[in-house]
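# Breakdown of the fold
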Amino acid sequence: MVNAFIKYAALLALLAGCTTVPPVNVHQPMTARPVPAAEAPGGNGAIYQAGYTNRPLFEDRRARNVGDTLIIAINEKISASKKSSSTASRKGSDSLSVPILGALSGANILKTPLSGSSENTFEGKGDSASNNAFTGTIAVTVIEVLPNGNLLVSGEKQIGINQGGEFVRFSGVVNPNTISTANTVSSTQVADARMEYKGTGYIDEAQTMGWLARFFMSVAPF
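Keep in mind it's a predicted model, so treat the numbers as computed, not measured. (Residues numbered from 1 in each chain as written. Predicted model: local features only at pLDDT ≥ 70, side-chain atom pairs only at ≥ 80, totals over all residues. Heavy atoms only, no water.)

## Notes on the pattern of salt bridges
Any two side chains of opposite charge can pair if their charged atoms end up close together. As a reminder of what qualifies: Definition used for salt bridges: Asp or Glu carboxyl oxygen within 4 Å of a side-chain nitrogen of Lys or Arg. The numbering of helices and of strands both runs from the N terminus, where a helix is a DSSP run of H or I of at least 4 residues and a strand a run of E of at least 2. The rule is simple: take the accessible area with a 1.4 Å probe, protein chains only, and divide by the maximum for that residue type; under 20% is buried, over 50% is exposed, in between is partly exposed.
Scanning the model with the defined rule gives four salt bridges in all. Among the ionic pairs, Arg169 bridges to Glu196, the shortest N-O distance being 3.9 Å. Of this pair, Arg169 sits in strand β4 (residues 164-174) while Glu196 is found in strand β6 (residues 191-200), placing the two residues 27 residues apart along the sequence. Among the salt bridges present, the one from Asp192 reaches Arg194, with a minimum N-O distance of 3.4 Å. In this structure Asp192 comes out as partly exposed when scored by relative accessible area, which is 42%. When salt bridges that share partners are traced, they join Glu156, Arg169, Glu196 and Lys198 into one network.

## As for the nonpolar core
The criterion, for reference: Put simply, a nonpolar core is a bunch of buried Ala, Val, Leu, Ile, Met, Phe, Trp, Tyr and Cys residues held in one set by side-chain atoms that sit within 4.5 Å of each other. The contact rule is simple, with two residues in contact once any of their heavy atoms fall within 4.5 Å.
Core analysis: the biggest nonpolar cluster contains 15 residues, and Leu70, Ile72, Ile138, Val140, Val153, Phe170 and Val174 have the highest contact counts within it. Within the residue set of this core, elements represented by two or more residues are β1 (69-96), β2 (114-145), β3 (151-161) and β4. When neighbours within four sequence positions are excluded, Val140 is seen to be in contact with Asp68, Thr69, Leu70, Ile72, Val153, Ser154, Gly155 and Phe170.

## Re the pairing of β4
For the record, the criterion: Two strands pair if DSSP finds at least two bridges between them.
The buried count for β4 comes to eight of eleven residues, which makes it a mostly enclosed element. In this structure, β3 lies alongside β4, joined through eleven bridges in antiparallel fashion. Within β4, the residue paired with Ile161 across the bridge is Gly164. A loop of two residues connects β3 with β4, the two strands running antiparallel in sequence, and Asn162 in this loop sits at a positive phi of about 50 degrees. Strand direction decides the pairing type here: β4 and β6, joined by eight bridges, are antiparallel. Paired with Arg169 across the bridge in β6 is Glu196.

These results come straight from atomic positions and should not be treated as a statement about function.
Take a look at the structure:
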């Protein structure tokens with residue numbers, strides 16, 4: 001009896017888990033270490049050193065190699081609205097008299113014509129609106145340099161607060177031409193951007209519906 005109850009509870013948990021929102025597939029890994037630089041030959045006394053190829057002399061410190069860091073300014077504002085309405089109406093009437101019944105004795109229904117009418121009306125309206133805002137900054141790491149020069153970046157920020165925690169994850173493809181001189185790029189200029197903001201702890205658990213309640217919500221016919 002106990003084993004049957006455990007199996008039934010596991011099945012309910014599995015069915016309820018199918019209704020949860022899938023996690024964001026942030027590009028992995030979340031960070032990458034730079035490739036070890038080749039050992040530079042001894043100095044020759046000149047300003048230009050042939051073995052120094054890691055960073056050009058007159059270029060800024062923008063991210064361009066695997067392992068370089070980049071600041072992402074998250075500034076996402078998304079709004080959507082939808083409104084629809086429909087109306088339908090139908091109306092009809094019929095009348096009928098039966099003179100053949102006059103031959104019947106006491107047929108007083110001749111003086112009462114038969115009639116009928118029907119009317120159908122339908123009206124429907126719908127209105128939907130959604131507004132989302134996500135702002136902040138996060139430092140990411142270049143994990144891959146694509147053949148066309150674009151940078152695949154990924155990073156996360158974890159914060160522990162008392163008995164809970166929060167983490168922010170971000171990844172996407174950055175065009176080096178959009179990086180400012182402060183080594184910063186806006187999230188609106190990042191292609192294939194994937195952002196995730198979640199929390200852990202008892203406060204987050206208190207705001208989450210239980211798996212059994214989610215199951216009954218998914219199968220309830222009303």
